[in-house]
Each structure stands twice: as structure tokens, then as C-alpha cells.
Amino acid sequence: MRRPGKRWHVPLWALLIVATALGWIPPGGASLAGPEPESGQAPSPALVWPLPPAQPRIRFVRTLRGSEDYRKPRSRLRRLLIGPQRKRGVSLRKPYGVTVDKQGRIYVTDTGNGRIVVFDEAAQKVRHLKIDPRVRLITPIGIAVDDRQRVYVSDAKLDQVFRIAPGGAVEWAIGPVEGLRNPTGIALDAGRSRLYVADSHLHRIFVYDAETGRHLETWGHRGNSDGAFNFPTNLTLDALGNLWVVDTGNFRVQQFSPAGRHLQTVGGLGDAPGSFTRPKGIAIDPEGHVYVVDAAFNNFQVFNGQGRLLLAVGTLGRSAGSFWLPAGMHIDAKGRIYVVDQVNRRVQVFEYLPQRGADRPRQAAMVEIQPTSSGSEREGEEPDSNRDSS
């Protein structure tokens, strides 16, 4: 008989024997993480666009959601003995903008949490960006980062743009005094020390000195002629310093020289490939192809530098390569494509597969696009059941 008050001490080897006998652990010392694939089993096919037999141009890489992306799953035995793994850490709630620094860290503006989420691939961690507690972000939208890891972020509710030092100190803030009313997308030209800001409420592009925050010039006015805007949202720069503006309310993209001269217009209202209904994010890959997200089509379309359509990627859904109200996007120097999938609370990562030779339209590879409605409300407002939001 066991003496009163004396505890049982079960050695670990005994638990392992019991677990093996009950089938919790395969005999022979197999991994506790689960069975290995059978020998010779074919790996899952790569998710690429366009479909075979056409040469692939875009490949799906991974999805980013939060801290769980870097958390190792518990084995069956640990789940039995310790319990299910609790979901702790940082996760995306309502992301909008995305960018990447030189070290490969991924910055995502999260309008649902009023914060900036940083995915540190090297450290395998996710964290919120540290910011001076005197500044509380509400609806962060556009984001950029320079070589000194200084972060530039716009807030559509605060009507301000901030520059944040690596330690979290706010180095400067520009807002209504400098002319802003509803800043959304931003683009940083570090070589020219210029920061471009799209103001969706004033239908203009503001240009500031990136070092001091001093206002330099303003482009455009409300309208639909070349150089005019109707609710401009996202911005990007090409290798020559030309600015590409997503003119959402006019269902088009406009390209400008660094001096503000209109160069070309891409797209227009429609439900066919090459047209737009609700364009949002924009980015340019290392070979000069222009990528434009459409939140109504739930895809992104790829154009050459002259505005000729090459490919469309995505459709409505929750699986890899599908989107539900996509928003901002970014392409890094390695050709990695980051697309914010807003309602699915994630960032999907793709990869551009470079090819030799001239670009050719691949009409057979285009995703079928269904007609859908459009809208041009103020960025940052809460959506109704038929609208997305920033």
C-alpha cells in the first residue's frame, strides 16, 4: 500500500512506454512531431501563374499572419501532457500597407489595431513597432522605410505623417498645418530626399523633404483629366524616380516624372482584364513590370512599363493565391511580392520568376473576372457590408 502523503513519481521512460503501447508514439523512436512523408511521395505542386504548359511568371511562396508563423507546433505527446498550445503574441487584425527593409524585415500597417507589425524573418519573431507613447496611431495606412531603418507612416484618421527612428522616437510629424487632410499612400525617394504623400480627401499629391518634413510642392486637383485625381490612394516609384499614382476614383493609374509631368495613364473603368473597378496597391518589380491590386476583382494585374497587360493573379477566396479585399502591396529588390489580404487578415508572399526575351500578353492565362461595383469613399472610414476599407 502507498503510504499516506507520499507522491507518485513516474519516470519519463515509463510514460514513453505507455504512450508507445497506446499508439501515441510510433515504435522505433520516430519523431514526436508526426509521421514523415512516405518514401518517394511526390511533393505538392508549386502554385504558379500562368497555368501550365505556359512558362510560370509568378510563384506563391508563403503566408504571414502573426507570431504563429514562427511557432513550432507541439508534438502529440506534449499536447497530451501539457495541453493545447495557447495562441499568444502578435497577429494581424485589419492590415493595409506593407514594405520591407534592407535586412528583410517586413512592416505591415494594421488599421484594426492601430499599430505597425514587424515580421523579423532572421530572428523568427513578430512584434509591434515601438513608438513614442505620446503618439498613438489610429488608422495607419501608407508605410516606407529608409536605409537607416527610419519608418515613415501615414495615419488617415490623425491626418498626419510621422517619421519614426529605430528606437521609437518620433523625429517629425506633418499634418494639417502642412496641408494634409487625409493622407493615405506614401512613397519615399531617398536619393532625392523626397517623400510623396497621396491625400484622398484633397485629391492631390503632396511632396515633402524627407529629411526635414518641409513642404516642397503640390500636384494636381480634383478631376479626370491627365494630372488630375479623384480619391488617389497608393503610390510607388520606379527605378527612374517616376511616381505611379493609383487614381482610385478615376479607376486608373497615372505615371509622373520626378518633376511632376504627366507621362502616361494605365487602365480605366471596366470589368475586363486590363481595366479596374477598385484599384488599391501598386508596386514595380526589378524588371520594371507594374503590379496593381484591385480590391473588387480580388486579384492583382501585371502590366509592362508601357501599360500593356501581361497577367492577372488571384480570385475571391481564402486559399493560397486567393484574396478577399486585397489592399497594399510591395515588391522588394529580390522580386518577392507582398500583397495585403485584408479580410483574410494576412499578407501573401509571391515571387517573380524572371525570364529572358520580350514580354508577350498571355490572354489564355488571364483569370476570369466578373463584373462588380465600384466606390470611392474616404479612406479610413468603417465599411458597410458592400465596401472594403483601409
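Small disclaimer: the values here were computed from a predicted structure and weren't measured. Residue numbers run consecutively from 1 along every chain, following the written order of its sequence. For this predicted model, a pLDDT threshold of at least 70 governs which residues receive local features, and a threshold of 80 or more governs which side-chain atom pairs are given and counted, while totals over whole chains, interfaces and linings are taken from all residues. The side-chain numbers reported here are obtained from all heavy atoms of the structure, hydrogens and water having been left aside.

Asker: Mind showing me how you'd approach the sheet that holds strand β10 (residues 170-174) here?
Answerer: Strand pairing within a sheet occurs via backbone hydrogen bonds; the two strands may be parallel or antiparallel. As summarised here, the arrangement of the 4 strands in space is β7-β8-β9-β10, forming an open sheet in which the pairing is antiparallel. Edge positions in the sheet fall to β7 (140-145) and β10, since each of these pairs with one other strand and no more. Here the average twist between neighbouring strands, direction ignored, is 15 degrees. Two strands pair if DSSP finds at least two bridges between them. Secondary structure counts use DSSP, requiring at least four H or I residues in a row for a helix and at least two E residues in a row for a strand, with both numbered from the N terminus. Bridge count for β7 against strand β8 (residues 151-155) is 4 bridges, and the pairing is antiparallel. Bridge pairing in β8 links isoleucine 143 to valine 153. Orientation is described by axes fitted as lines to C-alpha atoms, over the contacting stretch for helices, and by angles from 0 to 180 degrees between their N-to-C directions.

Asker: Looking at this model, I keep getting lost on the sheet that holds strand β25 (residues 346-352). Mind explaining?
Answerer: Pairing is antiparallel across the open sheet formed by 5 strands, whose spatial order is β1-β2-β25-β24-β23. Where the open sheet ends on each side, the last strands, each with one partner, are β1 (48-49) and β23 (326-331). Relative to strand β24 (residues 336-341), β23 is paired through 4 bridges, and the arrangement is antiparallel. Opposite proline 326, over in β24, you have aspartate 341 as the bridge partner.

Asker: Sorry, what's going on with the pairing of strand β6 (residues 125-128) here?
Answerer: With 4 bridges connecting them, strand β5 (residues 115-120) and β6 associate as antiparallel partners. Residue pairing in the sheet places phenylalanine 119 in a bridge with valine 126 of β6. In this antiparallel pair of consecutive strands, β5 and β6, the connection spans 4 residues, and glutamine 124 shows a positive phi of 55 degrees.

Asker: Please clarify how the pairing of β5 should be interpreted in this entry.
Answerer: Taken residue by residue, a regular strand's side chains alternate between the two faces of the sheet. Taken across its 6 residues, β5 has 5 buried, putting it largely inside the fold. With 5 bridges joining them, strand β4 (residues 106-110) and β5 adopt antiparallel strand pairing. Directly across from tyrosine 107, in β5, lies its bridge partner valine 118. Connecting β4 to the antiparallel partner β5 that follows it, the hairpin turn spans 4 residues, and glycine 114 within it adopts a positive phi of roughly 65 degrees. Partly exposed describes any residue whose relative accessible area lies between the buried limit of under 20% and the exposed limit of over 50%, with all areas from a 1.4 Å probe on protein chains only and scaled to the type maximum.

Asker: Explanation requested: the pattern of salt bridges in the structure shown.
Answerer: Side chains that differ in charge, positive against negative, can pair when their charged atoms come close. Basic side-chain nitrogens of Lys or Arg form a salt bridge, by our definition, when they fall within 4 Å of a carboxyl oxygen of Asp or Glu. Under the criterion given, the structure shown has 12 salt bridges. The shortest N-O distance in the salt bridge between glutamate 351 and arginine 59 comes to 2.5 Å. One end of the pair, glutamate 351, is in strand β25; the other, arginine 59, is in strand β2 (residues 58-64), with 292 residues separating them in the sequence. Relative accessible area serves as the criterion here: at 27%, arginine 59 is assigned to the partly exposed category.

Asker: So what exactly am I meant to see when it comes to a nonpolar patch on the surface here?
Answerer: Nonpolar side chains (Val, Leu, Ile, Met, Phe, Trp, Tyr) are joined into patches within 5 Å and like charges within 9 Å, using only residues with over 30% relative accessible area and no salt bridge. The protein chains shown are the only cover counted for residues, whose accessible areas, like all others here, come from Shrake-Rupley with a 1.4 Å probe. A cluster of nonpolar side chains, contributed by Leu316, Trp324 and Val343, occupies part of the molecular surface with about 260 Å² of accessible area. Mapped onto the elements of the fold, tryptophan 324 is located in the loop between β22 (309-313) and β23. You can call tryptophan 324 partly exposed: its relative accessible area is 34%.

Asker: When you look at the packing of aromatic side chains in this model, what are you seeing that I'm missing?
Answerer: Ring pairs (aromatic) are described by centroid distance and by the angle formed between their planes. Aromatic rings from Phe, Tyr and Trp, with only the six-membered ring used for Trp, were paired whenever their centres fell within 6.5 Å, and each pair was classed as stacked if the ring planes differed by under 30 degrees, edge-to-face if by over 60, and tilted otherwise. Evaluated as defined, the whole model comprises 12 aromatic pairs. Note on tryptophan 49 and phenylalanine 350: the rings are 5.7 Å apart at their centroids and 65 degrees apart in plane angle, and the pair reads as edge-to-face. Of this pair, tryptophan 49 sits in strand β1 while phenylalanine 350 sits in strand β25, and the two are 301 residues apart along the sequence. The buried category is assigned to tryptophan 49, whose relative accessible area is 11%. Residue class for phenylalanine 350 comes out buried when judged on its relative accessible area of 0%. Their ring planes at 15 degrees and their centres at 6.3 Å tell us that phenylalanine 206 and tyrosine 208 sit as a pair that is stacked. The same class applies to phenylalanine 206 as to tyrosine 208, namely buried.

Asker: I keep staring at the environment of arginine 345 and nothing clicks. Help me out?
Answerer: Mapped onto the secondary structure, arginine 345 falls in the loop between β24 and β25. What makes arginine 345 partly exposed here is its relative accessible area of 45%. As a C-alpha pair, arginine 345 and leucine 64 span 281 residues in sequence and 8.9 Å in three-dimensional space. Contact definition: two residues touch when any of their heavy atoms are within 4.5 Å. The residues contacting arginine 345, other than those within four sequence positions of it, are Leu64, Arg65, Leu92, Arg93 and Pro95.

Asker: Even after reading the chapter, I still don't get the nonpolar core, so can you show me in this structure?
Answerer: Nonpolar side chains in soluble globular proteins tend to be buried together. Residues enter a nonpolar core if they are buried and are Ala, Val, Leu, Ile, Met, Phe, Trp, Tyr or Cys, with the set joined through side-chain atoms within 4.5 Å. The biggest cluster of nonpolar side chains holds 19 residues, and the ones touching the most others in it are Leu64, Ile106, Val108, Phe119, Tyr338 and Val347. Elements that contribute at least two residues to this core include exactly β3 (95-100), β4, β5, β24 and β25. Top contributing element to this core by residue count: β3, with 3 residues. Those residues in contact with isoleucine 106 that lie beyond four places of it in its chain are Leu64, Val98, Thr99, Val100, Val117, Val118, Phe119, Glu121 and Tyr338.

Asker: It is not clear to me how the side chain of aspartate 132 should be interpreted in this structure. Could you clarify?
Answerer: Of note, aspartate 132 is situated in the loop between β6 and β7. Classification of aspartate 132 as buried rests on a relative accessible area of 15%. N or O atoms closer than or at 3.5 Å make up a polar contact, with two conditions inside protein: a donor-capable atom paired with an acceptor-capable one, and, for residues adjacent in sequence, both atoms drawn from side chains. Only 2.7 Å separates the side chain of aspartate 132 from the side chain of arginine 134, close enough to count as a polar contact. Residues within four places of aspartate 132 in sequence aside, it is in contact with Gly168 and Val170.

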